[in-house]
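# Overview (structure and organization)
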Amino acid sequence: MSQKIFELSLAELRQQLAAWQQPAYRAAQLWSGLYSDLRTNFEEFSVLPRGLRTQLAATYDIDCLQMKVERESKDGHTRKWLFGLAGGGEVETVLMGYDERMTVCISTQAGCAMGCVFCATGQMGLLRNLTAGEIVAQVLWAARSLKAVGGRLTNVVVMGMGEPFHNYEATLAALDRLQDPAGFGIGVRRITVSTVGLPHMIRRFAQEGRHEKLAVSLHAATDELRNRLVPINKRYPLAELIDACREYVRGGNRRLSMEWALIDGKNDSAEQAQLLVELVQGLGCHVNLIPLNPTGGYAGLRTGREAADRFKSVLDTGGVACTIRVRRGIDIGAGCGQLRTKAAGGKAQPQLASI
Ligand code: SF4
């Protein structure tokens, strides 16, 4: 079986070509063809000698995603793909257009072990981690689809299926690769990593000097409520999470946001809003309020516009910057918390022991 070329870092690609007695500059040509020119077939690499193209095609596949379903939202701004993965399993990827920005929302795991009660992915359990190549390939797929119509991908959000910090190495390897200026070259400020809030991993992210934007899925301002909505909170309570967030922002020049799914009658009271104001004091973060998107496995309803405005006004008064997010792609199940693929034969279960 062929290997997947997107599993190789530039260093590994260099080693491979050196082992084939190729001059060093061939690796740069190949890298640029894959990540900058977005080629999908080795035959298109006219800059490479025919013999090398043949050898590459005999050894490697460029594709590691099999597109199974493509859906366009009626909103005209959202497209969702269901991909079969070469390594087994399926994931969903969403492309969204906002004004000048074209943003791809990518997945890092097939399923998720975190079990947030309102999230369709969490309701599936975890099937497996994605490889760095499978993560990179989702971004390149979206970039190619835009290039085909004269567009350009501008932003990447790691907010799709899975908890990126539960698949840390592969996720960060993918993001490093996408930022290489000799390849895809996306700027670090155009990438947002969203986490459910694993404090030890946020600290690691900070200590490793990462500057991607960080979004923390907060959803509640007391442990009692958060334990019910985001079960991982029982292991990592709010005080620990907020401490880790403080360490992240202390690193300087870093952008932090808090995500809050507004659920009718659950976490949308003025009291929760006031507690949120107090919780995030000094963090300089932005709060994104996202009226809950429907999923089959959770009966909660989204907060209405008036109640959402009331919640926001408490934050405004408390000096916390916040935005009520426009809901997009709901008709195709592409909204926040809606991504899922068919259950893994009933075998996938939350696997919290390893977190
Ligand atoms: S919200 Fe994120 S962390 Fe929570 S279950 Fe869904 S995918 Fe996992």
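The rules behind each value
- Residues numbered from 1 in each chain as written.
- Predicted model: local features only at pLDDT ≥ 70, side-chain atom pairs only at ≥ 80, totals over all residues.
- Helix = DSSP H or I, 4+ residues; strand = E, 2+ residues; numbered from the N terminus.
- Rg over C-alpha atoms; globule rule 2.2 N^0.38 Å.
- Contact = placed C-beta atoms within 7 Å.
- Pairing = 2+ DSSP bridges.
- Axes fitted to C-alpha atoms, helices over the stretch in contact; angles between N-to-C directions.
- Parallel < 35°, antiparallel > 145°, perpendicular 65-115°, else oblique.
- Nonpolar A, V, L, I, M, F, W, Y, C, P; charged D, E, K, R; others polar.
- Domains from an automatic or database assignment.
- Buried ≥ 20, exposed ≤ 12 C-beta atoms within 10 Å, placed from the backbone.
- Arc of directions from axis to C-beta.
- pLDDT = per-residue confidence, 0-100.

When helices and strands are tallied, the chain shows 11 helices and 14 strands. Its C-alpha atoms give the chain a radius of gyration of 21 Å, within 12% of the compact-globule value 20 Å for 355 residues. Projecting the C-alpha coordinates of the chain onto the three principal axes gives extents of approximately 70 × 40 × 40 Å. Residue pairs at least 24 apart in sequence account for 69% of intrachain contacts in the chain once pairs closer than 6 positions are excluded.

Now for the sheet that holds strand 10 (residues 191-195). Ordered by their spatial adjacency, 10 strands build an open sheet running 3-4-5-6-9-10-11-12-13-14, and the pairing between neighbours is mixed. Edge positions in the sheet fall to strand 3 (65-72) and strand 14 (322-324), since each of these pairs with one other strand and no more. Mean inter-strand twist for the sheet, computed between neighbouring axes without regard to direction, equals 20°. Note: strand 11 (residues 213-217) against strand 12 (residues 256-262), four bridges, orientation parallel. Within strand 12, the residue paired with valine 216 across the bridge is methionine 258. Sheet strands touched by helix 11 (residues 305-317): strand 12, strand 13 (286-291) and strand 14. Its angle to strand 13, the strand with the most contacts, is close to 170°.

Two quantities define a packed helix pair, namely the angle between the helix axes and the distance between the axes. At their nearest, the axes of helix 7 (residues 199-207) and helix 9 (residues 238-250) sit 9 Å apart, and the two run at 5° to each other. The angle between helix 7 and helix 9 places the two elements in the roughly parallel class. Across from Pro199, Ile202, Arg203, Phe205 and Ala206 in helix 7, the residues of helix 9 making contact are Glu240, Leu241, Asp243, Ala244, Cys245, Glu247 and Tyr248. Partitioned by chemical class, the residues of the contact of helix 7 with helix 9 number eight nonpolar, no polar and four charged.

So, about the domain arrangement of the chain. For the chain, the assigned domains read domain 1 (3-61) and domain 2 (66-342). Taking only C-alpha atoms, the centre of domain 1 and the centre of domain 2 are 33 Å apart. In this assembly, 11 residues from domain 1 lie in contact with 15 residues from domain 2. Broken down by element, the side of domain 1 that touches domain 2 gets its largest block of residues, four residues, from helix 2 (residues 25-35). Among the residues forming the side of domain 1 that touches domain 2, the class breakdown is six nonpolar, three polar and two charged.

What follows covers unusual backbone geometry. With phi around 60°, glutamine 21 is a residue other than glycine that occupies positive phi space. In this fold, glutamine 21 is placed in the loop between helix 1 (10-19) and helix 2. We classify glutamine 21 as exposed; it has 6 C-beta atoms within 10 Å. In this structure, asparagine 253 takes a positive phi of about 55° despite not being glycine. Examined against the element boundaries, asparagine 253 turns out to sit in the loop between helix 9 and strand 12. Of the residues examined, asparagine 253 has 7 C-beta atoms within 10 Å and is grouped as exposed.

In the sheet, strand 3 pairs with strand 4 (residues 78-85) via seven bridges, with the strands oriented antiparallel. Following the sheet pairing, leucine 65 is matched in strand 4 by leucine 85. Two successive antiparallel strands, strand 3 and strand 4, enclose a turn made up of five residues, where glycine 76 displays a positive phi of approximately 75°.

So, about helix 10 (residues 270-279). For helix 10, every residue scored as buried is listed here: Gln272, Ala273, Leu276 and Leu279. Mapping the buried residues of helix 10 onto a view down its axis gives an arc of 120°, with all of them on the same face. Summarising the geometry of helix 10, the exposed residues directed more than 90 degrees from the buried face are Ala270, Glu271 and Glu278. Contacts made by the buried residues of helix 10 are with helix 9 and helix 11.

Turning next to the confidence of the model for the chain. Predicted confidence across the chain gives a mean pLDDT of 92, with 96% of residues reaching 70 or more. Predicted confidence for residues 343-353 stays below pLDDT 50, and this span has 17 contacts to residues more than four positions away or in other chains.

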